[in-house]
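So you can see what is in the structure, the chains are spelled out below.
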Amino acid sequence: MVKRLNKYISDTGFCSRRAADALIQTKQVRVNGAQPELGTKIGEGDKVTINGQLISPVATNKSDRVYLAYHKPVGITCTTERKISGNIIDAIGYKQRIFPIGRLDKPSEGLILLTNDGDIVNKILRAENAHEKLYRVTVDRPITPAFIELMGKGVPILDTVTLPCELKQIGKHSFEIVLKQGLNRQIRRMCEYLNYSVSNLVRKRIMHIDLKGLSVGQYRHLSEQEMLIMNVALTESMKTDSTKIASHLPPASAL
């Protein structure tokens, strides 16, 4: 099976496709001993090295792929850069190379997924606006009905207005919120806009995967059932995304 070089590298779990493109552009990759170009195709028998290290192809059935759910503690940074103190890779200490899917900021706690399957990373991140993420949030002063209403309708941050979302007050200073967006520090910025400050933020769920059974700092492998549901959801998501894209294209006569 022939693959583009960046996909071949990401499928092995070495890094994401974007990071693979950067490695190719900075001349750290060789294919059969020669310097490749972006878009180079890799077939059976081709040998790919990164800085002299041979990159073995992924198993056809992906039996060597890893999918983890991790309860990230406060203070851990979602980066694969080992030179950064408190990086998520050192915190987990997993024996194989893995990387996080998306991010959860350093002051926040909760669920993050990690894998060595670059293909699924791209699918999830491409379709992240279609999938729910549940957070429990504590703020610095009493919550009012106006706060719940305004947060739910959407507030202006980062040169846009957040999408409408579900909120439920669960205490004098705390609420749960379900997002289908992934804007940078979104909940904290939304609260700041309404003159509230977040004192605690925990992500409880991503899609159908939750924190049940995981203490802070623990990880577990996703179950077969969780993977089955995820693969179905991602397939449907990609179909929906394609439909949305097609519906926004100009008519052929305008091209």
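Refer to the structure printed above.
Cut-offs used in this document
Residues numbered from 1 in each chain as written. Predicted model: local features only at pLDDT ≥ 70, side-chain atom pairs only at ≥ 80, totals over all residues. Heavy atoms only, no water. Buried < 20%, exposed > 50% of the residue type's maximum accessible area, 1.4 Å probe, protein only. Helix = DSSP H or I, 4+ residues; strand = E, 2+ residues; numbered from the N terminus. Arc of directions from axis to C-beta. Contact = heavy atoms within 4.5 Å. Pairing = 2+ DSSP bridges. Phe/Tyr/Trp six-rings, centres within 6.5 Å; stacked < 30°, edge-to-face > 60°.

Caption draft 1: Structural context of helix 5 (residues 145-153). Among all positions of helix 5, only Phe147, Ile148, Met151 and Gly152 are buried. Viewed along the axis of helix 5, the buried residues span an arc of 120°, placing them on a single side of the element. Summarising the geometry of helix 5, the exposed residues directed more than 90 degrees from the buried face are Pro145 and Lys153. On the buried face of helix 5, the contacting elements are strand 12 (166-169), strand 13 (174-179) and helix 6 (186-193). Positioned one or two residues after helix 5, glycine 154 has a phi angle of 115°, which is positive.

Caption draft 2: Looking closely at the pairing of strand 13. Along strand 13, six of the six residues are buried, which leaves the element largely enclosed by surrounding structure. Burial along strand 13 is two-sided: Ser174, Glu176 and Val178 and Phe175, Ile177 and Leu179, pointing in opposite directions, are all buried. Alignment of strand 9 (residues 133-139) against strand 13, held across six bridges, turns out to be antiparallel. The residue bridging arginine 136 from the neighbouring strand is glutamate 176, located in strand 13. Sheet topology note: the strand 12/strand 13 ladder contains four bridges and is antiparallel. Bridge assignment links glutamate 166 to a residue of strand 13, and that residue is valine 178. Between strand 12 and strand 13, which pair antiparallel and follow one another directly, the connecting turn spans four residues.

Caption draft 3: Examining the sheet that holds strand 4 (residues 48-50) more closely. Read across the sheet, three strands follow the order 2-4-5 without closing on themselves; strand pairing throughout is antiparallel. Every interior strand has two partners, whereas the edge strands, strand 2 (29-31) and strand 5 (53-54), have only one. Note that strand 4 and strand 5 share two bridges and pair antiparallel. The partner of isoleucine 50 across the bridge, within strand 5, is glutamine 53.

Caption draft 4: Structural context of the packing of aromatic side chains. All chains considered together, the criterion is met by three aromatic pairs. Pairing phenylalanine 147 with phenylalanine 175 gives two aromatic rings, centres 5.4 Å apart and planes at 65°, and the pair type is edge-to-face. Within this pair, whereas phenylalanine 147 is found in helix 5, its partner phenylalanine 175 is found in strand 13, the two being separated by 28 residues in sequence. The exposure classification of phenylalanine 147 matches that of phenylalanine 175, with both residues buried. Pairing phenylalanine 147 with tyrosine 196 gives two aromatic rings, centres 4.4 Å apart and planes at 45°, and the pair type is tilted. Of this pair, phenylalanine 147 sits in helix 5 while tyrosine 196 is found in the loop between helix 6 and strand 14 (198-206), placing the two residues 49 residues apart along the sequence.

Caption draft 5: Structural context of helix 6. Along helix 6, the positions that sit buried rather than exposed are Gln186, Ile187, Arg188, Met190 and Cys191. Looking one or two residues past helix 6, asparagine 195 carries a phi angle of roughly 65°, positive in sign.

Caption draft 6: Structural detail: the environment of arginine 185. Inspection of the secondary structure puts arginine 185 in the loop between strand 13 and helix 6. By relative accessible area, arginine 185 is classed as partly exposed at 33%. Each C-alpha atom, one on arginine 185 and one on arginine 103, is 9.8 Å from the other, the two residues being 82 residues apart in sequence.

Caption draft 7: Main features of the pairing of strand 9. Of all seven residues in strand 9, five are buried; the element is thus mostly enclosed. Sheet topology note: the strand 9/strand 14 ladder contains seven bridges and is antiparallel. Looking at strand 14, one finds that valine 139 is bridged to valine 198.

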